[in-house]
Structure formats: structure tokens, C-alpha cells
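# A structural walkthrough
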Number of protein chains: 6
Amino acid sequence: MSQTLYVINPNSSEAVTAGIDAAMAPLRRPEGPAIRCVTLADGPPGVQTQHDVDRAALSVRRFAEAHLEGTAAFVTACFSDPGLHMLREMRGPLAFGISECAALTALTLGQSFGVIAILPASIPRHWRTWGAMGIQQRVAGEVAIGRTVSELSDQTATLEAMIAAGRRLRDENGANVLVMGCAGMAPFRAPLQEATGLPVVEPTQAAVSMALGRIQLGW
Amino acid sequence: MSQTLYVINPNSSEAVTAGIDAAMAPLRRPEGPAIRCVTLADGPPGVQTQHDVDRAALSVRRFAEAHLEGTAAFVTACFSDPGLHMLREMRGPLAFGISECAALTALTLGQSFGVIAILPASIPRHWRTWGAMGIQQRVAGEVAIGRTVSELSDQTATLEAMIAAGRRLRDENGANVLVMGCAGMAPFRAPLQEATGLPVVEPTQAAVSMALGRIQLGW
Amino acid sequence: MSQTLYVINPNSSEAVTAGIDAAMAPLRRPEGPAIRCVTLADGPPGVQTQHDVDRAALSVRRFAEAHLEGTAAFVTACFSDPGLHMLREMRGPLAFGISECAALTALTLGQSFGVIAILPASIPRHWRTWGAMGIQQRVAGEVAIGRTVSELSDQTATLEAMIAAGRRLRDENGANVLVMGCAGMAPFRAPLQEATGLPVVEPTQAAVSMALGRIQLGW
Amino acid sequence: MSQTLYVINPNSSEAVTAGIDAAMAPLRRPEGPAIRCVTLADGPPGVQTQHDVDRAALSVRRFAEAHLEGTAAFVTACFSDPGLHMLREMRGPLAFGISECAALTALTLGQSFGVIAILPASIPRHWRTWGAMGIQQRVAGEVAIGRTVSELSDQTATLEAMIAAGRRLRDENGANVLVMGCAGMAPFRAPLQEATGLPVVEPTQAAVSMALGRIQLGW
Amino acid sequence: MSQTLYVINPNSSEAVTAGIDAAMAPLRRPEGPAIRCVTLADGPPGVQTQHDVDRAALSVRRFAEAHLEGTAAFVTACFSDPGLHMLREMRGPLAFGISECAALTALTLGQSFGVIAILPASIPRHWRTWGAMGIQQRVAGEVAIGRTVSELSDQTATLEAMIAAGRRLRDENGANVLVMGCAGMAPFRAPLQEATGLPVVEPTQAAVSMALGRIQLGW
Amino acid sequence: MSQTLYVINPNSSEAVTAGIDAAMAPLRRPEGPAIRCVTLADGPPGVQTQHDVDRAALSVRRFAEAHLEGTAAFVTACFSDPGLHMLREMRGPLAFGISECAALTALTLGQSFGVIAILPASIPRHWRTWGAMGIQQRVAGEVAIGRTVSELSDQTATLEAMIAAGRRLRDENGANVLVMGCAGMAPFRAPLQEATGLPVVEPTQAAVSMALGRIQLGW
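Nothing here was measured: the structure is a model prediction, and the numbers come from that model.

Rules used throughout
- Going along each chain's sequence as written, the residues are numbered from 1 onward.
- All chains are assigned letters beginning with A, and all ligands numbers beginning with 1, in the order in which they are written.
- This being a predicted model, a pLDDT of at least 70 is required before a residue's local features are given, and a value of 80 or more before pairs of side-chain atoms are given or counted; all residues contribute to the totals for chains, interfaces and linings.
- Only hydrogens and water are removed before side-chain values are computed, so all heavy atoms of the structure are retained for them.
- Here, residues are in contact when the closest pair of their heavy atoms is within 4.5 Å.
- When two parts are put together, the accessible area they lose, computed with a 1.4 Å probe and summed over both, is reported as buried area.
- Salt bridges are defined by distance alone: a side-chain nitrogen of Lys or Arg within 4 Å of a carboxyl oxygen of Asp or Glu.
- In the analysis that follows, any N or O atom pair within 3.5 Å is treated as a polar contact, provided that within protein one partner can donate a hydrogen and the other can accept it, and provided that, for residues neighboring in sequence, both atoms belong to side chains.
- With a 1.4 Å probe rolled over the protein chains alone, any residue whose accessible area is under 20% of its type maximum counts as buried; one over 50% counts as exposed, and the rest are partly exposed.
- The way it works is that DSSP assigns letters per residue, a run of H or I at least four long becomes a helix, a run of E at least two long becomes a strand, and they are numbered from the N terminus.
- When DSSP locates at least two bridges between a pair of strands, those strands are taken to pair.
- With its strands directed away from the observer, a crossover is right-handed exactly when the path from the first strand over the helix to the second travels clockwise.
- Fitting of the copies onto one another was done by least squares over C-alpha atoms, counting residues only where both copies have pLDDT of at least 70.
- Comment: axis = line fitted to C-alpha atoms, over the contacting stretch for helices; angle = value between 0 and 180 degrees taken between N-to-C directions.
- Expected helix span is given by 1.5 Å per residue-to-residue step, counting one fewer step than there are residues.
- Here is the rule: rings of Phe, Tyr and Trp (six-membered ring for Trp) pair when centre to centre is within 6.5 Å. Planes less than 30 degrees apart are stacked, more than 60 are edge-to-face, and the remainder are tilted.
- What marks off one domain from the next here is an automatic or database domain assignment.

All right, on to the interface of chain D and chain F then. With 4 residues of chain D in contact, the opposing surface of chain F contributes 5 residues. The contact between chain D and chain F buries some 350 Å² in all, and 43% of this surface belongs to carbon and sulfur atoms. If you sort the residues of chain D by the area they bury against chain F, D:Gln111, D:Gln137 and D:Asn176 come out on top, with a joint share of 87%. Where chain D meets chain F, there are 0 salt bridges. In this structure, the connection of chain D to chain F is made through 1 residue pair in polar contact (both at pLDDT 80 or more).

Next comes the structure, spelled out in C-alpha cells:
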């Protein structure tokens, strides 16, 4: 298979893209689709507001239109799934969103999942997504760590905040699986899982692994 | 009150805007806010695909940013509510979507509302909205008349199709109130109501009437 | 328009009616419908039990039957919406309930609303209403201040309790908009909003503003 | 046990009360509570409108207040459960509604229940009840036979209409259990079950059998 | 009536069966069905894991197949309702589960019920049941006391833990009725109710009382 | 990777296993996990009743216990997911059910999925699953083709019945994606998709593709 699976980071942070790219390691196979992680240069530093999401959506679509040839699937790698439903209208490549796939994956790992968000303002937007997906009954709750995407680079402080959020979701909200609510949190999956004792879903890995399977199936 | 309420038709059809403008007649008062219905010249002829919706969203936002001064409220007058949540992030004017307000209004007129959509492809998008709003239990169903926004101008055929859709929603889906799922359907409210015997919600009227009340309240 | 919109306070407390009446100020317009706030002399001092609600319902209905002439709309101004569905069976005037309209208005101001109730015993009744409306997914929770309607007149203590309840709904339940669950709380909207930083819905204002719009529309 | 269980028919139809009384036969035991079926003389001929329901509610409450002594439980025997929540506020006797108990019983007999209503106008009211109970997901649908309570006495025509409704609920709505949505339908349980092949819930029997068990338990 | 109602304790603990048997006292009547509480010798000491549940299910079914003659109803007396839907496929006796009946009974006693579970690992399984029943909206939450079925025999410590759990469900989750989530908790109903001030549902009593009523009805 | 992924057909039909095995072709890779499809000799010819499901569950568990060594994942390949939650309690291999994964996959392909069941009696069981998963809002409906697992071997008649069911789900229930509700339907995916114009989910492929991704991720 010589096709490409594009993982589109719709913010302009190369550091986030590098983190995503590293997380793809276990999913790459010599004979599999090439997994290419790209940064949208015209994106915001972090997708945080609804305005960011909606602009990112069109950037993602433009990227996709320019890269249809030889593409097997697009993954929009921001937890607000910018452009997902536009991608699905295009003929040809498959389309996946990391938020949708993270949630679906979490449903196989526990009865009630908790989401660790970056900023409080993202939480209502996420609830609209869970509502549109019709899966709110399975969401234990969301806790924001109160850090912007760029502040995630302070790894010690970020991990500490994520562990605190994860424990709160586990102990107060009854979560039995955690979803990391930002592509930029990819490096923290393993230590978060260890510290909380709960399975942790890294959303881009969740989406790309689902995408790879569907590419193989061809439907 | 010298403020303005903008009703933004995000498609480029002046005929649709004229229909909306006519529907505003009962809501205009000498001393009330000016109700200005505008056409976004850079919009598509009709907002039909998700791509149309997402492009329209940014056009609506750009319009709003350029018209903050003296504006009391913006109404995004397409049944997919393009840009609504972006508008709500802006400080200052209130923001309403015609789909959201139509649904909320329908909830006061019957236990179960049916939606008359223009095209079948809009229906899944609407269900995502009802899901995000958490009100699916009150939706009896949706029926598409299978006509594009521009084809609505053939008034006889359109009304006939709408009446058939309304009767199907009433008799098979148990709807006891109907929502017209397109701003371009404004001229058909009264005859549809008469033909079906059910109350009919015209979405732009629903949104503007709610907006006017909230402008008065100032919150 | 020479018609009248009746705001019916189904308890016998003139102080509550006066508070409601004051809250109507921004909604009154010289040429608009007359907004008349009335006290039902045969009502209980406060509508607190289900028995109170059900007796109030019939009082509201009797009042409506005696005031059909020249009436554009009735608003039943108790947070249990006594008589709402009876009013809707009558031909002629429109009918609105302050609980229903408060909830619908809250849905435009945040993803998840918290309700400040007067007494703990009201909370199960409110949940039955949210259930009948099919909007429970949007309710963050309810907190009672544990004061009767007549005790609301101690304004300092009441406001303090409401602020504590509002903060709890915001911080523990994730509410991003508050609904005041009693018509008698009308005077506290602005300070509550200031103290909590969340938008606050005053239910009678919400209902009357929706009613005014619908009167204008004539449907 | 010398206590009494009152089955309160809140309409004034002695024929309906007689039908209910006959349906109680299998539930009467020499040493059990006396099951007394009473007609509220001040009730309407049939409880059909919301106004009927709300007036009936207060009649039921008045009856209960006058019959507290020696009473183990009250069953409000109209499918709109008039007065149920008022009865539950009273200290002493247990309180059951036939609609609530019919639904709960149906949940043990099939995954999805269909309701045969008397009049179309009752259906939205029933949906409010299923919503308040939080069990809408288990309701396959409702079909009205379009006959008033007093018209039920034409037994041949009524049964025929009920069978048609039951078959429609089974074949089009996927119901695997039927609920008769009126106390006056009691005589038709067996033939309806035979004609449709589905288990059929007679609501007053459902309520009284639950009440008897709870009286024995004393909680 | 000479028929038998079997209450099947699918764990091998005679102490639990004895507790259940004692709880049956108020439900036994000279002329009623014999209520026989049996221990499945081949069951685990306590049904705690899903493996326990699924093995118990087949034991329950085997018992039922061997005791069809003269049996009016089977009650599967473990809070995971092992075998319930298998029993319902068998012709003849009625079948009830204590979890299902406890929940249905709780719905008549409060708007929102809290469940006291034995072990944290049971909670996700219970939520699957509430989901399958479509009643999650009525569940306030679950709190585990963290004791195995056999540890329930330390009555002082168990009751203390149950009271703490009940108070937490009442005060933090808003429960207004409690369900004891294990047949082995039967002896604690009265003191738990007294300590929390909330009605408490003992699940085997709930199931058997519903079963007795249905046996009388014969449907 | 030298590990094995077991696809466990819990019925004894070698023909069904052969069909599943053929459907695995696109998912097999030289260096990937070995995908081994096994027939449980002690299973029923077809898993049709709840009794079949519950017996199959224990067979699946026994198979898993005997094959832990070197196993990466188990897929329980019957649409009732027998044993799924027992498998998840075991340490080590991952566990997937074809019904759960089919539904999750369908959620990425359309807003509302329709299920083609084999027998009417399976439908209530499926709804319990959708309820336990909390995704009922996304289920358009189910239609049974009324054929047993063994009758699926008459391929012409089966495909015809499946196409009729798919069209009914599309046209009457508004499904925009179809799920084949039996592992034995695997050979019919492509022609069903072509005949209905809707994407069709083959459940075993859906489950194995998700399993393969998760094996690669190692979580």
C-alpha cells in the first residue's frame, strides 16, 4: 500500500506536531500507509476559541483539497475535530476526528469516561460534541487543567495538573477511563495512566489506529 | 433605542433576504431597534453542504466584526446557525441562531416537533444540532422536500411539497408542531399552518422575536 | 395594540407581585401590550408544596377564564408553571410559564444551567419538569437556599444564600448559566450575576419577553 | 389486616368504576386489605382534557383527606395519575398512580411498550409523563382509538379499534408489550392480548397489585 | 393457590439466604404461594465479578428447568439479575430480577435514587443495567462500601459503611430514595432508613412483592 | 509481532467461521498478529436465544482461559457479544465484541444507523445493548429478516431479504448507515452496500480492525 494517511495538526505549533509524530511510532509499519503529520502554517498557535476551531476547519479542508491524490485518510488532530464533517463530504479519502475516535475508544475501556481539557472554555464545546454524538450518558465529566496549548510545554507542571484532574475525575465523578482532551497532551499518556491507575486514551493514537484499520478494509 | 439588530442571511440570494425582510414586518416598531436584513455577498447561493455552513460561519463572523458599533444583536439566519458560537464569544452584541430559536419556540407550541428540511443531506446535520442542544426527545422527525434553496422560488411546487412533508410528520411521526427548516421558507408559514392544522414556526421570526425581548432586558 | 398581557402571581404575596412588577419595567413600551401583574388573592402565601401548585393551577385557570376578553397572553408566574397546560387548551390568548421560558432562555446562554431553588422539596418537582421538557441533559443541577417564599424578604440573607448556591453550581456542578427558581427572586438578578460572573436568568422577565415577541408575531 | 385500599375513579362514570371493580377480583383476598373502588361524584364524565385532569387532582386529594383513617393506600385510577404527587406529600397512606405503575409493570414484560390512548389529545400529556419518569426510551409509541371515555361502552367497536391500534404499535412501532391507556379499558385486556399475541398491561390491576405488595411490606 | 415462588440465591452463602428468608416474613400468607428461598450449592460464595454473574446465570437457569412443575414465579436474588432474560424465555413461570424490581420500586418513592453497592467493580455493571433499562436519568449515583458479600456478616461495620454511603448519596448526589445493591444487605433496611431519613428499597422484598401481585393477576 | 488474535465464533457452524475467515483477508499482514478464527465445538448451531448467548459466554471464557499464552486479543464474534465483559476482567489480552465495535464504527459513518437482525426475538436483546452502551439516540431502528443462522446459507434468499430490510431502514427509519447484525452475514456486505447506496458495517471486520490497532498501540 503506497497511500498516505495525513494527520493534520491545525495549529501552527511544530512542538505539538512533533509530539503527535512521536506518538505515531507504534502505528507505523514498513508496508503500511505512510503516516505523515503536518502542521498547518496558517493555523493559530493553539486552537482554543470557537473562532480558532472554525478557522482551523477551513484550513484543514483546504489542506485536504490540495492533498487528495494518493491519500487514504485524513485525521484532523485537534480535540474539537475541526473540519471533520466537511472532510466527510469529500469523495475519496476517509476522515476521522481525534475527539470522536477518542470517545469511541474510551467506550471500549470503561463505562464512564472523564475528559481532561486544557481550558475551561473548551468544556461547553466538548459537551456539544458529546451531545451531537449522543453519548453524554457515558461521560463522567470534564476537568480543565487551565493551561493553554503553548503552556503544555512545561512538562512537569502539565503532568502534575493532569494527574490532579484525572484523580478528581476518578474519585468524584466516577470515571473509569480517562481521555486526554488535546493532541498536545500526547507525551503524557503513560505517566498519567500509571499515576491514576485508569486506562488513558491518547486521542490521535486512537484516531490513527481506527483509520489504519479502515484503510485496510477499504470501506 | 437607536441600536441595530442585524439579521444576516449568509447566502447570496437577495430573494431569500427579501423574504426574510418581509417576515420582519410584524416585529418592527418605530421606537424599537432597527431590524436590518443583510445578504452576505460572498456567501454561496444556498447554504446546503457542511462546507457551505463552515464558510458561511466565517463570513458571518467577519460581518459581525465589521459591524460591532451600535449593534444590539446578530441573528445568523440560516437553519444551520453558521457562526453562532463564534458570535457568542465576542463581547458586546447578543447572538441568536434561527435553528436554535425555532426549536426552543417549538417546545412551547407542542410536545413533539417535526422539521421540514430542504435537502436530505441536511438532516444528519440537523440531528447533530438537536443532539448538541440535548432536545432530541422532542423531535418527532425530519422530512426533506428535496429542493435546493434556489428552487424554493417555484412557490406552488414548494408549498405543495411542504404540505406533503408536514402531513407526513403529523400523521406518521406524531408531530404536533412544525418547524420550517430553512430561512427561505418564510413566505409559506401561513398556508402551511392552514393546510396541516398544526402551528408552524418560522425560524427567523422566532429568533428575532427572542432577540428583541433580550435586547429590551439588556441581558 | 391595546391588548393586555397578564402576569399572574398565583401566590397571595403582594410583595412578590411588586417585585415582579418592577422587573417588568424594561419590557414596557408605550405602544406595546399593557403588562398587568396580578396577585391571586385566593392563593397560598407561597407556592411550595405540590398541593399549593395544584390549587394554584385552578386559580390561574379561573382567573384566565374571567379575563379572556382583550387578553393577548397569560404568563403563570410561579416556577412550577401552575396551570400552564390548562391555559394552552383555551382558545385565544397565548400561554407561557416562567419555568419553561427560563429554561429555554438559559439554553441560549450556556451549555449547562444551574437552578437556585427555594426549598429542597421543590427540586424533585423541577426535575419532573425538566424531564417532561426533555432537557435534563442541559441541567447542571439544583441547589436550594432553604428559605420559604416569605423569607425571601430578608434581602441580605437571601442574596447571600443565593450567591453561595450559585457558586456551588458553578464550581461543583459545572453550570455556566444560572436560573433563579422562584418569581420572588426577581430583585436579585443583577447582584447574583455580578457575584458569580455567570449570566443569570430571571424567569418572569424571560417569559414575558418571549410572550411579547409572540404577541407581535400573532402566532 | 383490616385496612382499606381505595381505588379512586376520578370521573363520575359508575360504569367505569364497575369495570375497575370487576378487574379487582383476582386481587381480593379474605384476609387482605379491603379494595374499595369509588366514583368521585364531582368528577367529569371522563377525564380527557388537562382541565379535567387538574380538577380531578384536587377531587382526589379532597377524597383522600376525608378518608385517611384506616387507609393503607390510595390508587388514583385515571391514566393521567391526577393528584399522585399531592397524595405522596400526605403522611400516612401509600399512593400509586395507574399510569406510573402500568409503565413500570410493562418494563418487566418487554423492551418497548406501546400505549393505546383514548383520544389524540391525551398523547402529548402522556409523553410529558414518560419524560418526567425518564423512561421515554422504552416507549415504542402511542396510538389513539379516537373514542371518548363514554364511547368505550360500545364494546365491539372499542375492542376492534384497540386491536387495530395494538397491531399498529406491534408492527410499525416495534412494541413488544401493550399498555391500555385508560382505566375504562379494563374489560378488554384478555381479548386484546389474544388478538395481538403481546402481553397487555391493565393499568389499575398493575397499580393495585403493586400497592398490595407494598402494604404488606409496610414501606 | 398451592403454587411456589422460588427466590433463588445464586451464591452459596446460606447466611445470605437466611437473611433473605427472614425478609420474606411480611410477604408470606397462609393461603398465598409458598415462598421458598434456595441456595445454589454450586454458586460462588458471593457474586462479585462478571464471571460470577455469568456462571450464576446458568445455575439459575438449571435450577429453574428442574423446578418448573408447580412453580408460579422465579426471582433471581442477586443484584446483577443473573439469568433473568433466560428465565423470561421459558414458558410458564413468571420471572423477576431483584435489581430491576428494586429500581422500578424506587421510581415510585423518589425522583432520583442512589444505590449502595458492595464493591467498586460492580458499579459499571450496574450502570449497564440502568442503561439497558433506559432509566439512567433517575439514578443519582452509586457508592460502594468496599466490602465483599462475605464481609457483610460483620454487621456493625457494614451498617456504618452503608449509612455513610447513603448520606453521601443524599447530600452530594441528591438522592431522595436509596436502593440497597445486594441481596445480602436485607437485614439493614430499617436502620439505614432511620439513619438517613430516606426511604430505602430492599431489593428482594421489592421483587417478591411485585411477583406476588402478578401471580395473583395471572398475567 | 508473533502474537495471536483469536476470533471466536461461539456457534458450532463451520460455515459461519469460514465466512468470517474469508472476511479477515484484507486485515491479514505478513508481519502482523496471526488472525485465527475458531469454532467453538460445544456451541449451539446458531446463537439465537438468550440461553444460547449465556451458554456461549461461558464457552468463550473457557476458550480464552485455555488460550491466554501468546494471545494479544480476543474477539467474541457473535452479535450479542457473549462473554465480552468476562473477557475484560481477565488480565492480559484485549477483548472486543463485534456488536459493540460495529456500532462504534457505524457512528463514524452516519448519524443514524439501522441494524439488520436475523430473528425478531434478537431485537429486544440488541436494544438492551444499545441502552447499556448509551447510544440509543443514534439507532434508527432494527429490522429482522426472519431467518435463522443456518438458513443464511441460502444466499440468494438471504441477500434479498437483507436488501429489503436495508431499504426499509433507509426509507422509513432514516438510517444513513447499515449494520449487519450477525457474524454469519459477512459475505453480503458488498452487495448490500451496492443495493442500498448506504455504507454497510460488517461487524467482525469492524471489531478485528479496531483490535489490530489497539494491539499495535499496546494499550
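Having put the structure on the table, let's press on.
All names here are of chain C. Across the 5 residues of strand S5 (residues 113-117), 5 count as buried, placing the element largely inside the fold. Neither face of S5 is left uncovered, since the one carrying Phe 113, Val 115 and Ala 117 and the one carrying Gly 114 and Ile 116 both have all their residues buried. Of the strand pairs in this sheet, S5 and strand S6 (residues 139-144) are connected by 5 bridges, and their pairing is parallel. Residue pairing in the sheet places Ile 116 in a bridge with Val 143 of S6. Since S5 and S6 lie parallel, the crossover through helix H5 (residues 122-133) that links them has a hand, and here it is right-handed. Pairing of S5 with strand S7 (residues 177-180), which is carried by 4 bridges, proceeds in the parallel orientation. Bridging across to S7, Val 115 finds its partner in Val 179.

Here we take up the sheet that holds S6(C). All names here are of chain C. Taking strand neighbours across the sheet as the criterion, the 4 strands line up as S6-S5-S7-S8 in an open arrangement whose pairing is parallel. The two strands at the open ends of the sheet, each matched to only one other strand, are S6 and strand S8 (200-201). As defined by bridge partners, S7 adjoins S8 across 2 bridges and the pair is classed as parallel. Bridged to Val 179 within S8 is Val 201.

A few words on the relation of the copies chain D and chain F. One copy of the chain maps onto the other through a rotation about an axis plus a displacement along that axis. Least-squares fitting of chain D to chain F yields an RMSD of 0.0 Å, with the superposition described by an axial translation of 0.0 Å and a rotation of 120°. Those values place the two copies in the arrangement expected of a three-fold rotation axis. Within chain D, D:Gln137 has its C-alpha nearest the rotation axis, a separation of 5.1 Å.

Next up on the list: the sheet that holds strand S3 (residues 71-76) of chain C. All names here are of chain C. Ordered by their spatial adjacency, 4 strands build an open sheet running S2-S1-S3-S4, and the pairing between neighbours is parallel. Of all strands in the sheet, those with a lone pairing partner are strand S2 (34-39) and strand S4 (94-97), marking the two edges. Direction aside, neighbouring strands of the sheet carry axes that sit 20° apart on average. Sheet analysis places S3 next to S4, joined by 4 bridges and oriented parallel. Counterpart to Val 75 in the pairing with S4 is Phe 96. Sheet strands in contact with helix H1 (residues 14-23) are strand S1 (4-9) and S2, and its direction is about 165° off that of S2. Strand contacts of helix H4 (residues 98-106): S3 and S4, with the helix running at about 75° to S4, the strand carrying the most contacts.

In the superposition of chain F on chain A (RMSD 0.0 Å, axial shift 0.0 Å), the rotation amounts to 180°. The operation mapping one copy onto its partner corresponds to a two-fold rotation axis.

What follows deals with the side chain of A:Gln205. Mapped onto the fold, A:Gln205 is located in helix H8 (residues 203-217). Judged by relative accessible area, which is 8%, A:Gln205 ranks as buried. Excluding its chain neighbours within four sequence positions, the residues that come into contact with A:Gln205 are A:Ala23, A:Met24, A:Pro26, A:Leu27, A:Arg189, F:Leu217 and F:Trp219.

Glancing now at the interface of chain F and chain A. At the junction of the two partners, chain F supplies 33 residues and chain A supplies 33 residues. It is F:Thr108, F:Gln216 and F:Trp219 in chain F that bury the most area against chain A; as a group they hold 24% of the surface buried on that side. Scanning the region where chain F abuts chain A turns up 2 salt bridges. Between A:Glu31 and F:Arg29 there is a salt bridge, with its nearest N and O atoms 3.9 Å apart. Where chain F packs against chain A, one counts 12 residue pairs in polar contact (both at pLDDT 80 or more).

Counted at 1.5 Å a residue, the expected span for helix H5 (residues 122-133) of chain D with its 12 residues is 16 Å, and the 17 Å between its end C-alpha atoms agrees. Every buried residue belonging to H5(D) is among D:Ser122, D:Ile123, D:Pro124, D:Arg125, D:His126, D:Arg128, D:Trp130, D:Gly131, D:Ala132 and D:Met133, and all of these are buried. Those residues of H5(D) hidden inside the fold are in contact with helix H3 (84-89) and H5 of chain C together with helix H2 (50-66), helix H4 (98-106), strand S5 (113-117) and strand S6 (139-144) of chain D. Positive phi shows up at D:Gly134, right after H5(D), with a value of about 70°.

Turning our eyes to something else, we now look at the packing of aromatic side chains. Aromatic rings in a pair are described by how distant their centres are and how their planes are angled relative to each other. A complete count under the given rule lists 24 aromatic pairs over all chains for this structure. Their ring planes at 20° and their centres at 6.1 Å tell us that C:Tyr6 and C:Phe74 sit as a pair that is stacked. One end of the pair, C:Tyr6, is in strand S1; the other, C:Phe74, is in strand S3, with 68 residues separating them in the sequence. Residue classification places C:Tyr6 among the buried residues on the basis of a relative accessible area of 8%. Note on C:Phe74: relative accessible area 2%, which makes it buried. Taking the centre distance of 5.5 Å and the plane angle of 85° together, the rings of F:Phe113 and F:Trp130 count as edge-to-face. In this pair, F:Phe113 is assigned in strand S5 (residues 113-117) and F:Trp130 in helix H5 (residues 122-133), connecting sequence segments 17 residues apart. Since its relative accessible area comes to 1%, F:Phe113 is described here as buried. Residue F:Trp130 is classed as buried on the basis of its relative accessible area, which comes to 0%. One aromatic cluster is present, built from ring pairs that chain together A:Tyr6, A:Phe63 and A:Phe74.

Glancing now at the domain arrangement of chain A. All names here are of chain A. One can read the domain layout of chain A as domain 1 (4-97 + 204-217) and domain 2 (100-203). The C-alpha-based centres of domain 1 and domain 2 are spaced at 20 Å. If you look at the interface, domain 1 gives 25 residues, while domain 2 gives 26 residues. For domain 1, the biggest contributors to the area lost against domain 2 are Gln 48, Phe 79 and Ala 206; these three give 39% of the whole. At the boundary of domain 1 and domain 2, one finds 1 salt bridge. Between Glu 100 and Arg 88 there is a salt bridge; the shortest N-O distance is 2.7 Å.

Attention now moves to the environment of C:Met180. Residues and elements named next belong to chain C. Here Met 180 lies in strand S7. Its relative accessible area of 0% is what places Met 180 among the buried residues. For the pair formed by Met 180 and Gly 166, sequence separation is 14 residues and the distance between their alpha carbons is 9.4 Å. With residues near it in sequence (within four places) discarded, Met 180 still touches Phe 79, Ile 116, Met 162, Met 185, Ala 186, Phe 188, Arg 189, Leu 192, Val 200, Val 201, Glu 202 and Pro 203.

Turning our eyes to something else, we now look at the pattern of salt bridges. Applying the stated rule across the entire model yields 60 salt bridges over all chains. The residue A:Arg62 makes a salt bridge to A:Asp42 at a minimum N-O spacing of 3.4 Å. Of this pair, A:Arg62 sits in helix H2 (residues 50-66) while A:Asp42 sits in the loop between strand S2 (34-39) and H2; the two residues are 20 residues apart in sequence, bridging distant segments of the chain. On the accessibility criterion, A:Asp42 (51% relative accessible area) is exposed. The salt bridge involving A:Arg168 is made with A:Glu172; its shortest N-O contact spans 3.7 Å. Take A:Glu172: its relative accessible area is 59%, and that puts it in the exposed class. In the salt-bridge network here, residues are joined through shared partners; they are A:Arg29, A:Glu31, F:Arg29 and F:Glu31.

Bringing helix H2 (residues 50-66) of chain E into the picture now. All names here are of chain E. With 17 residues, H2 ought to run about 24 Å at 1.5 Å a step, and its terminal C-alpha atoms sit 25 Å apart, in line with that. Here H2 lies mainly inside the structure; 13 of its 17 residues are buried. Two to three positions downstream of the cap, the backbone nitrogen of His 51 sits 3.3 Å from a side-chain oxygen, assigning the N-cap of H2 to Thr 49.

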